[in-house]
Amino acid sequence: MKVGFIGVGLIGGSMLKRLAKCGVQCFIMDNNAQVLGAALKENNAQILENFEDVDMLLLALSPKNCISFIEENHSKIGTILLADVCGVKNAIAEVAEKYSLNYCGLHPMAGREVGGYFNSKQNLFDGANIVITTSNPPQIVFDIIKMLGFGKIVYTTAEEHDKIISYTSQLCHIVSNAYAKNPSSTICDGFTGGSFEDLTRVGKMDSNLWVELFDKNRENLICDIKTIINELQKYVDCLENGDNEKLKLLIDDGTKILNNKK
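Residues numbered from 1 in each chain as written. Predicted model: local features only at pLDDT ≥ 70, side-chain atom pairs only at ≥ 80, totals over all residues. Heavy atoms only, no water.

A.B. asks: Explain the packing of helix α3 (residues 63–77) against helix α8 (residues 207–215) here, please?
C.D. replies: For any two helices packed against each other, the geometry is given by the interaxial angle and the distance between the axes. Look at α3 against α8: their axes get within 8 Å of each other, and the N-to-C directions meet at 75°. With respect to each other, α3 and α8 are oriented roughly perpendicular. Facing α3, whose interface residues are Pro63, Lys64 and Asn65, α8 presents Leu209, Glu212 and Leu213. Residues of the contact of α3 with α8, tallied by class, amount to three nonpolar, one polar and two charged. (Axes fitted to C-alpha atoms, helices over the stretch in contact; angles between N-to-C directions. Helix = DSSP H or I, 4+ residues; strand = E, 2+ residues; numbered from the N terminus. Parallel < 35°, antiparallel > 145°, perpendicular 65-115°, else oblique. Contact = heavy atoms within 4.5 Å. Nonpolar A, V, L, I, M, F, W, Y, C, P; charged D, E, K, R; others polar.)

Structure (structure tokens):
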């Protein structure tokens with residue numbers, strides 16, 4: 001099996017390290033010379049020069065760079081299987097469909113608070129979920145998923161993926177980032193515990209990457225942000241009016257929903 005990696009940051013690098021250990025012949029293309037050199041040496045890989053040399057091309061790039069790569073190289077890609085691991089799917093699927101490419105959308109539900117190849121880990125995906133947004137993917141996709149150590153496979157469409165990921169990921173990052181802007185964040189040393197750590201863990205973001213992810217999913221994200229603002233306002237109203245009975249109902253309603261999710 002031969003896999004070509006376009007970009008080897010945190011996700012691409014982690015996949016590269018794992019697949020190389022599993023005996024997959026890996027080829028790499030990355031604009032960062034230092035990263036490229038380290039990735040080639042550490043994984044006994046080769047520079048990707050001809051797309052025809054591989055069975056699958058794996059795009060591990062930002063949304064804008066994924067789209068640009070496809071636009072610029074679609075004729076070279078031809079019928080080769082093209083997969084991406086981008087955090088949004090509809091925009092990527094649309095450009096792949098535009099050129100009738102043999103495309104498979106993948107989204108590994110795993111990551112770290114730090115990015116880049118030098119923070120990548122070969123066991124990053126052990127037991128994690130992976131979302132497939134393309135119907136009837138070829139067997140090589142499942143072979144790779146198994147080698148990477150993923151647990152559950154979730155099937156959906158690109159459109160539905162973006163709607164759900166807006167709530168389960170993107171909204172969480174925005175809320176966490178906004179929460180940190182409270183002036184109390186500068187004087188809370190010694191007063192924090194698990195709840196603070198849980199809420200702030202995903203607040204630190206690579207702004208260049210996340211602006212692209214948010215922009216490509218803006219309608220879903222706007223709706224989710226407005227929804228949480230509306231719900232938060234209900235708590236404000238109860239506190240301002242001293243309505244503890246209604247406040248208790250609000251708390252119980254949220255707790256009930258979370259209990260049912262287990």
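A.B. asks: So what exactly am I meant to see when it comes to unusual backbone geometry here?
C.D. replies: Peptide bonds are mostly trans, and most non-glycine residues show a negative phi. For Asn44, which is not glycine, the phi dihedral falls at a positive 50°. In this structure, Asn44 sits in the loop between α2 (33–42) and β3 (46–47). Given a relative accessible area of 71%, Asn44 falls into the exposed group. (Buried < 20%, exposed > 50% of the residue type's maximum accessible area, 1.4 Å probe, protein only.)

A.B. asks: Got a minute to help me understand empty space enclosed by the protein in this structure?
C.D. replies: One water molecule sets the probe size; rolling that probe over the atoms shows where empty space is left. What the rule picks out here adds up to one cavity of 30 Å³ or more. The computed volume of the largest cavity comes to approximately 40 Å³. Taken together, Met15, Met56, Leu58, Leu106, Ile130, Ile144, Ile145 and Leu148 make up the full set of residues lining the largest cavity. For the lining of the largest cavity, the element with the highest residue contribution is helix α5 (residues 139–148), accounting for three residues. In the lining of the largest cavity, the residues fall into eight nonpolar, no polar and no charged. (1 Å grid on protein atoms, 1.4 Å probe; cavity = no way out; pocket = protein on both sides within 12 Å on 5 of 7 lines; lining within 4 Å. Points joined across faces, edges and corners; volume = space filled by probe spheres on them.)

A.B. asks: Please clarify how the pattern of salt bridges should be interpreted in this entry.
C.D. replies: Between side chains of opposite charge, a pair can form as their charged atoms come close. Applying the stated criterion across every chain, the model contains six salt bridges. When the shortest N-O distance is used, the salt bridge between Asp215 and Arg218 registers 2.3 Å. Its relative accessible area of 34% is what places Asp215 among the partly exposed residues. (Salt bridge = Lys/Arg side-chain N within 4 Å of Asp/Glu carboxyl O.)

A.B. asks: Is there a simple way to think about the pairing of strand β5 (residues 81–84) in this case?
C.D. replies: Both faces of the sheet carry side chains from a regular strand, because those side chains alternate between them. Of the two faces of β5, the one carrying Leu81 and Ala83 and the one carrying Leu82 and Asp84 are both buried. Running through α3, the crossover from strand β4 (residues 56–59) to the neighbouring parallel element β5 is right-handed. When β5 meets strand β6 (residues 103–108), the two strands line up parallel, connected through three bridges. Following the sheet pairing, Asp84 is matched in β6 by Gly105. (Right-handed = clockwise from strand over helix to strand, strands pointing away. Pairing = 2+ DSSP bridges.)

A.B. asks: Would you explain the sheet that holds β5 in this entry?
C.D. replies: Through backbone hydrogen bonds, the strands of a sheet pair up, either in parallel or in antiparallel fashion. Read from one edge to the other, the open sheet built from eight strands follows the order β3-β2-β1-β4-β5-β6-β7-β8, with strand pairing classed as mixed. The two strands at the open ends of the sheet, each matched to only one other strand, are β3 and β8 (153–155). Packing of α5 onto the sheet brings it into contact with β1 (2–6), β4, β5, β6, β7 (130–132) and β8, and relative to β7 it is tilted by some 175°.

A.B. asks: How do you make sense of the layout of surface pockets when you look at a structure like this?
C.D. replies: In this structure, the second largest pocket occupies an estimated 1200 Å³ of space. In terms of lining residues, the second largest pocket is bounded by 26 residues, among which Tyr167, Leu171, Ile228, Glu231 and Leu258 are the most central. Looking at the lining of the second largest pocket, the elements with two or more residues in it are α6 (158–179), α7 (194–200), α9 (218–241) and α10 (244–260). Tallied by class, the residues present in the lining of the second largest pocket amount to 15 nonpolar, five polar and six charged.

A.B. asks: In this structure, what is going on with the nonpolar core? I would like to understand it.
C.D. replies: Nonpolar side chains tend toward joint burial in soluble globular proteins. Grouped together as the largest cluster of nonpolar side chains are 38 residues, with contacts concentrated most on Phe5 and Met15. A total of six residues in this core trace back to one element, the largest contributor, which is α5. Beyond its immediate sequence surroundings of up to four residues, Phe5 is in contact with Gly12, Met15, Leu16, Leu19, Cys26, Phe27, Ile28, Met29 and Leu58. (Core = buried A, V, L, I, M, F, W, Y, C linked by side-chain atoms within 4.5 Å.)

A.B. asks: Can you help me understand the pairing of β6 in this one?
C.D. replies: Counting buried positions along β6 yields six of six residues, so the element is predominantly enclosed. Alternating positions in β6 separate into two faces, Tyr103, Gly105 and His107 on one and Cys104, Leu106 and Pro108 on the other, with burial throughout. Handedness of the β5-helix α4 (residues 90–98)-β6 crossover: right-handed. Note that β6 and β7 share three bridges and pair antiparallel. The partner of Pro108 across the bridge, within β7, is Ile130.

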